[in-house]
Amino acid sequence: MLELYQFRYSPFCLKIRMALQAKELSCRIIEVVPGVGQFNIFRLSGQRQVPILKDRDNVISGSSEIIEYLEEIKPEPQLIPSNPKEAAQVHLIENWADTTFSNAAKKALLKSATLNKDLRVALLPNEIPSSIKEFLGKLPCEAINEFGSLINYGEDSSLLKSLKNLSNLVHEKEWLVGNSLSVADLAVAAQLSLIKFPTSSGEVISGKGCKGLADDPKLKNLFTWRDQLELYLLQNSSYMM
Ligand SMILES: N[C@@H](CCC(=O)N[C@@H](CS)C(=O)NCC(=O)O)C(=O)O
């Protein structure tokens, strides 16, 4: 049985859960506690980040490497096209989503969380006792608002521009590259979860996200596309444990 070590709200872990769903692979999900739980991740994989995938004696870290491994053990449906031009497009989009988009989305979410008590509390791990959650929720914004001035969602923000470009890309076409689902779709949809959490994140946080982006009418298409992608994958999801 495959085992996925993850953080519940990590977009990189969501990317892997979506790939597992697409391939209809059964998997045991192991929730890692940020901090102490990462000692075990280091012991298993020699580095501290999630996701890691364990398949008997094989331990794979890095979401792109995990998806390449899944392509090997279950080639269908193919998430990396065989056509070299399409494969190049997929890798470029995946790399952009995993780096530039991911960093900008993380900063945008941190900014929103510093300004919004409910979001801040919802993002805390389940393991934190409710009394501490309550205390953290009450901290004055200024005390933790070091990111407050970093992000600007004005017309010229590069994050907003990229999201509008993506919104146009998915307007008439179901898939970002070619005519079928690829890792480009999964990588983009996964990082979008930080901008607006999807239904699969659970009712505590679903629909919450970055004020000024999650509710921007120009990005509505993009979130609808992501929600439809989740529904499409959900059809296969009864195997997650
Ligand atoms: N390039 C890695 C990025 C993974 C990553 O950034 N994981 C974050 C969670 S979203 C993490 O484990 N952070 C904890 C840490 O860096 O200590 C991938 O594609 O899997």
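See the structure above.
Our subject in this report is the structure included herewith.

Some points on the site of the ligand
- All residues in the neighbourhood of the ligand are listed as Phe-7, Ser-10, Phe-12, Gln-38, Arg-48, Gln-49, Val-50, Pro-51, Gly-62 and Ser-63.
- Contact distances for the ligand include 2.9 Å between an oxygen atom and a side-chain N or O atom of Gln-38.
- In the model, an oxygen atom of the ligand is placed 2.7 Å from a nitrogen or oxygen of the Ser-63 side chain.
- When the free accessible area of the ligand is taken as 510 Å², the share hidden by the protein chains comes to 74%.

Here we look at the side chain of Arg-120
- Mapped onto the fold, Arg-120 is located in helix H5 (residues 117-123).
- In terms of polar contacts, Arg-120 uses its side chain to reach the backbone carbonyl oxygen of Ala-113, at 3.2 Å.

Things to note about the packing of aromatic side chains
- Following the criterion strictly, the structure yields three aromatic pairs and no others.
- Here Tyr-9 and Phe-197 contribute two aromatic rings whose centre-to-centre distance is 5.7 Å and whose plane-to-plane angle is 70°, an arrangement assigned as edge-to-face. Residue Tyr-9 is found in the loop between strand E1 (2-6) and helix H1 (11-22), and its partner Phe-197 is found in the loop between helix H9 (183-195) and helix H10 (220-234); the two are separated by 188 residues along the sequence. Residues Tyr-9 and Phe-197 agree in their burial class; the two are buried.
- Pairing Trp-175 with Tyr-232 gives two aromatic rings, centres 5.5 Å apart and planes at 65°, and the pair type is edge-to-face.

A few points about the sheet that holds E1
- Strand order in the open sheet made by the four strands is E2-E1-E3-E4, with mixed pairing throughout. Edge strands, defined here as strands with exactly one partner in the open sheet, are strand E2 (27-31) and strand E4 (58-61). Neighbour-to-neighbour, the strand axes of this sheet turn through a mean angle of 20°, independent of strand direction.
- Relative to E2, E1 runs parallel, the two sharing five bridges. Within the sheet, the bridge partner assigned to Glu-3 lies in E2 and is Arg-28.
- On the sheet, H1 packs against E1 and E2 and is oriented at approximately 155° with respect to E1.
- Strands E1, strand E3 (52-55) and E4 of the sheet are contacted by helix H2 (residues 37-45), whose axis makes an angle of about 55° with E3.

Conventions and cut-offs
- Residues numbered from 1 in each chain as written.
- Predicted model: local features only at pLDDT ≥ 70, side-chain atom pairs only at ≥ 80, totals over all residues.
- Heavy atoms only, no water.
- Near = heavy atom within 4 Å.
- Polar contact = N/O pair within 3.5 Å; in protein donor to acceptor, adjacent residues only side chain to side chain.
- Areas by Shrake-Rupley, 256 points an atom, 1.4 Å probe, with all protein chains shown as cover.
- Helix = DSSP H or I, 4+ residues; strand = E, 2+ residues; numbered from the N terminus.
- Phe/Tyr/Trp six-rings, centres within 6.5 Å; stacked < 30°, edge-to-face > 60°.
- Buried < 20%, exposed > 50% of the residue type's maximum accessible area, 1.4 Å probe, protein only.
- Pairing = 2+ DSSP bridges.
- Axes fitted to C-alpha atoms, helices over the stretch in contact; angles between N-to-C directions.
- Contact = heavy atoms within 4.5 Å.

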